[in-house]
Amino acid sequence: MSHSPLAVKGLSAAYQKKAVLDNVSFEVEEGKLMGIIGPNGAGKSTLIKTILGLIPRLSGEVTVFGKPYSVQRKLIGYVPQRESVDWDFPTNALDVVLMGRYGRLGWFRRPGAEDKRIAMECLAKVGMADYASRQISQLSGGQQQRVFLARALAQDARLYLMDEPFAGVDAATEKAIITLLQELKKQGKTVIVVHHDLATVKEYFDSVLLLNVTLQAYGPTDAAFTAANLHRTYGGRLGFLERLGHDVPLPAESR
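Note that the structure is predicted; figures quoted are calculated from it, not measured.

A. Main features of the sheet that holds strand E6 (residues 76-79). Spatially, E6-E7-E8-E3-E9-E10 is the arrangement adopted by the six strands of the open sheet, whose pairing is mixed. The open sheet has two edge strands, E6 and strand E10 (214-220), and neither has a second partner. Adjacent strand axes in the sheet meet at a mean angle of 15° when their direction is disregarded. Where E6 meets strand E7 (residues 159-163), four bridges bridge the pair, whose relative direction is parallel. Residue pairing across strands places Ile76 opposite Leu159, the latter belonging to E7. The sheet contacts of helix H1 (residues 44-51) involve strand E3 (33-37), E6, E7, strand E8 (190-194) and strand E9 (207-212), and relative to E3 the element is tilted by about 125°. Along the sheet face, helix H10 (residues 227-234) touches E3, E9 and E10 and points at about 30° away from the line of E9.

B. Representation of the pattern of salt bridges in the model. Scanning the entire structure with this criterion turns up seven salt bridges. Two residues, Arg158 and Glu30, come together in a salt bridge whose shortest N-O distance is 3.5 Å. In this pair, Arg158 sits in the loop between helix H6 (141-154) and E7 while Glu30 sits in the loop between strand E2 (18-28) and E3, placing the two residues 128 residues apart along the sequence. Judged by its relative accessible area of 42%, Glu30 is partly exposed. Across the pair Asp206 and Lys185 runs a salt bridge whose closest N-O atoms are separated by 2.9 Å. In this pair, Asp206 sits in the loop between helix H8 (201-204) and E9 while Lys185 sits in helix H7 (residues 171-186), placing the two residues 21 residues apart along the sequence. Judged by relative accessible area, which is 28%, Lys185 ranks as partly exposed. Salt bridges here are not isolated pairs; linked through shared partners, they connect Glu114, Arg117 and Glu121.

C. Examining the packing of aromatic side chains more closely. The tally for this structure, following the rule as stated, stands at three aromatic pairs. Linked through ring pairs, Phe166, Tyr204 and Phe205 together constitute an aromatic cluster. The ring of Phe148 is capped by Arg151, whose NZ or CZ atom sits 4.7 Å from the centre of that ring. Geometry around Phe65 places Arg158 over its ring, the cationic atom sitting 3.8 Å from the centre.

D. Representation of the side chain of Ser207 in the model. Among the structural elements, Ser207 can be located in strand E9. Classification of Ser207 as buried rests on a relative accessible area of 11%. When neighbours within four sequence positions are excluded, Ser207 is seen to be in contact with Leu33, Met34, Gly35, Tyr218, Gly219, Pro220 and Thr221.

E. Looking closely at the sheet that holds strand E4 (residues 59-64). In spatial order, the strands read E2-E1-E4-E5; together these four strands make up an open sheet with antiparallel pairing. Taken across any chain shown, the strands that pair with only one partner, and hence form the sheet edges, are E2 and strand E5 (67-68). As paired elements, strand E1 (residues 6-15) and E2 share seven bridges and run antiparallel to each other. The partner of Ala7 across the bridge, within E2, is Glu27. Sheet strands touched by H1: E1, E2 and E4. Its angle to E1, the strand with the most contacts, is close to 115°.

Calculation criteria
Residues numbered from 1 in each chain as written. Predicted model: local features only at pLDDT ≥ 70, side-chain atom pairs only at ≥ 80, totals over all residues. Heavy atoms only, no water. Pairing = 2+ DSSP bridges. Helix = DSSP H or I, 4+ residues; strand = E, 2+ residues; numbered from the N terminus. Axes fitted to C-alpha atoms, helices over the stretch in contact; angles between N-to-C directions. Contact = heavy atoms within 4.5 Å. Salt bridge = Lys/Arg side-chain N within 4 Å of Asp/Glu carboxyl O. Buried < 20%, exposed > 50% of the residue type's maximum accessible area, 1.4 Å probe, protein only. Phe/Tyr/Trp six-rings, centres within 6.5 Å; stacked < 30°, edge-to-face > 60°. Lys NZ or Arg CZ within 6 Å of the ring centre and 35° of its normal.

In structure tokens, the structure reads:
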């Protein structure tokens, strides 16, 4: 029996007694690119972190390919928000990517020549091979983000969770990231992306989940990414962006 890459049932989480996620349930199909969208403070990052066990859940369960997350950790690649990382940590780009291999090595085995070859290959895939020995603190924001994607690639996961990978990157990096996501999809991998730019949702994602503390809508992008669902999710914070056509509303901050 095949299990979905990720099944979330009745997931709830709170910060200081304030509900941030309330009874969220969904299942993700294998080999798809899925976007998670919603206003600031809607619980998008919290959802990713609660799935990964980085934030304790109040209730609900998470299964990865039919088993609890705790026993399936090696199957998951995670790209956190860039702002949440200490970029002054004294390490170079190659070493950051090699960290992605530790799940496969176990903590006590040192990366070997094969691991370094794979790490270099992953840096090359994101256009960063020439920066392998550069300190991460000396890289631009877009370059740092590419290194983080290379680290996730080095894990060779089956399910990827990415928290705002497109935030604050230049156009070339955005193009590199979406090319990479399409490549992962071609390999049958499943990718879940917290995303803020509504103008690219239809172009980038097979399915979309609209979140505002509770699940507002979820399904194939064509069916779920509608004006009515966006109004429900974003409330009064909507303007209209005509270049999208079909009068699809956008939050004012995305225009």
